[in-house]
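Residue strings, one per chain:
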Amino acid sequence: MSFPKQRLRRMRQTENFRKLVRETQLSPDDFIYPLFAVHGKGIKKEIPSMPGNYQQSIDNIVKDAKETYSLGIPSVLLFGIPEHKDQLGSEAYAKKGIIQQAIKAIKDKIPELIVITDVCLCEYTSHGHCGVIKNGKILNDPTLQLLAKEAVSHAKAGADIVAPSDMMDGRVSAIRNALDKEGFIDTPIMSYAAKYASSFYGPFRDAAESTPKFGDRRTYQMDPANAREAIREVALDIEEGADIVMVKPALSYLDIIYRVKNEFNLPVAAYNVSGEFSIIKAGAKLGWIDEKRMMMEVLTSIKRAGADLILTYFAKEAAKILKV
Ligand code: PBG
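Residues numbered from 1 in each chain as written. Predicted model: local features only at pLDDT ≥ 70, side-chain atom pairs only at ≥ 80, totals over all residues. Heavy atoms only, no water.

A. A look at the pairing of strand β10 (residues 244-248). For β10, the tally of buried residues reaches five of five residues, placing the bulk of the element in the interior. Side chains Ile-244, Met-246 and Lys-248 of β10 all project onto a buried face; the interleaved residues Val-245 and Val-247 project onto the opposite face, where all are buried too. For the handedness criterion, the β-α-β arrangement of β10, helix α8 (residues 254-263) and strand β11 (residues 268-272) is classed as right-handed. (Buried < 20%, exposed > 50% of the residue type's maximum accessible area, 1.4 Å probe, protein only. Helix = DSSP H or I, 4+ residues; strand = E, 2+ residues; numbered from the N terminus. Right-handed = clockwise from strand over helix to strand, strands pointing away.)

B. Main features of the site of the ligand. For the ligand, the set of nearby residues contains 19 residues, the closest of which are Lys-195, Arg-205, Lys-248, Ser-274 and Tyr-313. Within the contact set of the ligand, a nitrogen atom lies 3.4 Å away from a side-chain nitrogen or oxygen of Asp-118. One of the side-chain nitrogen or oxygen atoms of Tyr-313 is found 2.6 Å away from an oxygen atom of the ligand. Protein chains shield 100% of the accessible area of the ligand, which is 400 Å² for the free molecule. Elements that contribute at least two residues to the shell around the ligand include exactly β9 (190-195) and α6 (202-208). For the shell around the ligand, the per-class residue count stands at ten nonpolar, three polar and six charged. (Near = heavy atom within 4 Å. Polar contact = N/O pair within 3.5 Å; in protein donor to acceptor, adjacent residues only side chain to side chain. Areas by Shrake-Rupley, 256 points an atom, 1.4 Å probe, with all protein chains shown as cover. Nonpolar A, V, L, I, M, F, W, Y, C, P; charged D, E, K, R; others polar.)

C. Just helix α11 (residues 315-323), in detail. Restricting attention to buried positions, one finds in α11 the residues Ala-315, Lys-316, Ala-318 and Ala-319. Down the axis, α11 shows its buried residues gathered within 160 degrees of arc, on one side only. The elements touched by buried residues of α11 are β1 (31-38), α2 (58-70), α10 (291-305) and β12 (309-312). (Arc of directions from axis to C-beta. Contact = heavy atoms within 4.5 Å.)

D. The arrangement of the nonpolar core in detail. Membership of the largest hydrophobic core comes to 109 residues, with the highest contact counts inside it found for Phe-36, Ile-106, Met-190, Ile-256, Ile-257, Val-260 and Tyr-271. Ranked by the residues each element gives to this core, the list is headed by helix α4 (residues 141-157), at eight residues. Residue contacts for Met-190: discarding those within four places in its chain leaves Ile-32, Ile-116, Ile-161, Val-162, Ala-163, Pro-164, Ile-244, Met-246, Ala-269 and Leu-311. (Core = buried A, V, L, I, M, F, W, Y, C linked by side-chain atoms within 4.5 Å.)

E. Local environment of the state of the cysteines. Counted according to the given criterion, the structure contains zero disulfides. Among the cysteines around Cys-120, which has no disulfide bond, Cys-130 carries the closest sulfur, lying 3.6 Å off. Assessed through its relative accessible area of 1%, Cys-120 is described here as buried. (Disulfide = S-S within 2.5 Å.)

F. Representation of the packing of helix α7 (residues 228-240) against α8. Relative to each other, α7 and α8 sit at 45 degrees, their axes nearing to 10 Å. Classified by the angle their axes make, α7 and α8 are oblique. Here α7 runs over α8; the crossing is right-handed. Side by side, α7 and α8 meet where Arg-228, Ala-230, Ile-231 and Val-234 of the first sit next to Ile-256, Arg-259, Val-260 and Glu-263 of the second. Partitioning the contact of α7 with α8 into residue classes produces five nonpolar, no polar and three charged. (Axes fitted to C-alpha atoms, helices over the stretch in contact; angles between N-to-C directions. Parallel < 35°, antiparallel > 145°, perpendicular 65-115°, else oblique. Left-handed = near helix turned anticlockwise from the far one by under 90°.)

G. Summary view of the packing of aromatic side chains. Evaluation of the coordinates by the stated rule reveals nine aromatic pairs. Ring centres 6.4 Å apart and planes at 5 degrees place the aromatic pair Phe-36 and Tyr-313 in the stacked group. Of the two residues, Phe-36 is situated in strand β1 and Tyr-313 in the loop between β12 and α11; the sequence distance between them amounts to 277 residues. Residues Phe-36 and Tyr-313 agree in their burial class; the two are buried. (Phe/Tyr/Trp six-rings, centres within 6.5 Å; stacked < 30°, edge-to-face > 60°.)

H. Fine view of the pattern of salt bridges. Scanning the entire structure with this criterion turns up 16 salt bridges. With its nearest N and O atoms 3.2 Å apart, the salt bridge here joins Arg-171 to Asp-166. For the pair Arg-171 and Asp-166, one class covers both residues: buried. Of the charged contacts, one joins Asp-308 and Lys-261 as a salt bridge, the two residues approaching to 3.1 Å between their closest N and O atoms. Of the two residues, Asp-308 sits in the loop between α10 and β12 while Lys-261 sits in helix α8, which places them 47 residues apart along the sequence. The network of salt bridges with common partners includes Asp-64, Glu-67, Lys-316 and Lys-320. (Salt bridge = Lys/Arg side-chain N within 4 Å of Asp/Glu carboxyl O.)

I. Summary view of the environment of Lys-44. The topology assignment puts Lys-44 in strand β2 (residues 44-46). By relative accessible area, Lys-44 is classed as partly exposed at 48%.

Written out as structure tokens, the structure is:
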């Protein structure tokens, strides 16, 4: 049967017609909202390239987390900016580190809110790389025990989920083993499984003060040209014990989200990263685009591609629109 019997415009006549046949529904339930914690009190410093996002001291982080939860968003992702950085990123696994304090404060005030922590060294190392360095090389295996130590210290502070973002080989099993050994058998791992060496992380590195001091991350993060390799990365992380697998960034990698969703039967997360956020904010500031419509279109496309969870700096703005 074809035209004129078939007319696809019939079901697009009004918003209510469109609602009836809409295939993808966004919900605040899908969102994870990233927050940046710094030492001090009363600090709320806007990140210039990420309008509406802040480096915040713990008192303000708790307020923001409360607001996030009240908008129906079930989860936040925490990043920490330490007081001191060193070769081995020791504040990453310090008992009184910034993240450890932030987790405790949030869980104390809003126990139901799921606190996810980014497990990585780059914010804490003086060289800004995600691993241990020797003679200018990023070493894989010696990094694993530090990541495992970091994940355990997050769990001890009360983290609900740990999210390794370093892209060292074998980190998921190192973290799973360490968590289990310490009794954290119920702490899930959300692995940044297919994480690409992307230009879209630029604004984040300003926010987290984690730009590498030499070289780049291309010896550990993935080559943007590769798709089949993403399937291998994800398969390995699942074998090693990942509970949720993430594709990052989202927009230039919708094909990867789609493939991962079709290939594996576990929750798929996608990170709508800083650069994807900032270009929309910048375009809106220039008056060139309709910010709200573009935000909702982008988030819908990530969900339509197959993401069950979306990490996004738009979480609060989108939740406000979805609530009405
Ligand atoms: C840390 C980390 C990064 C992001 C999340 N965790 C930066 C990087 O790998 O350089 C990027 C997040 C974003 O751009 O929004 N390894």
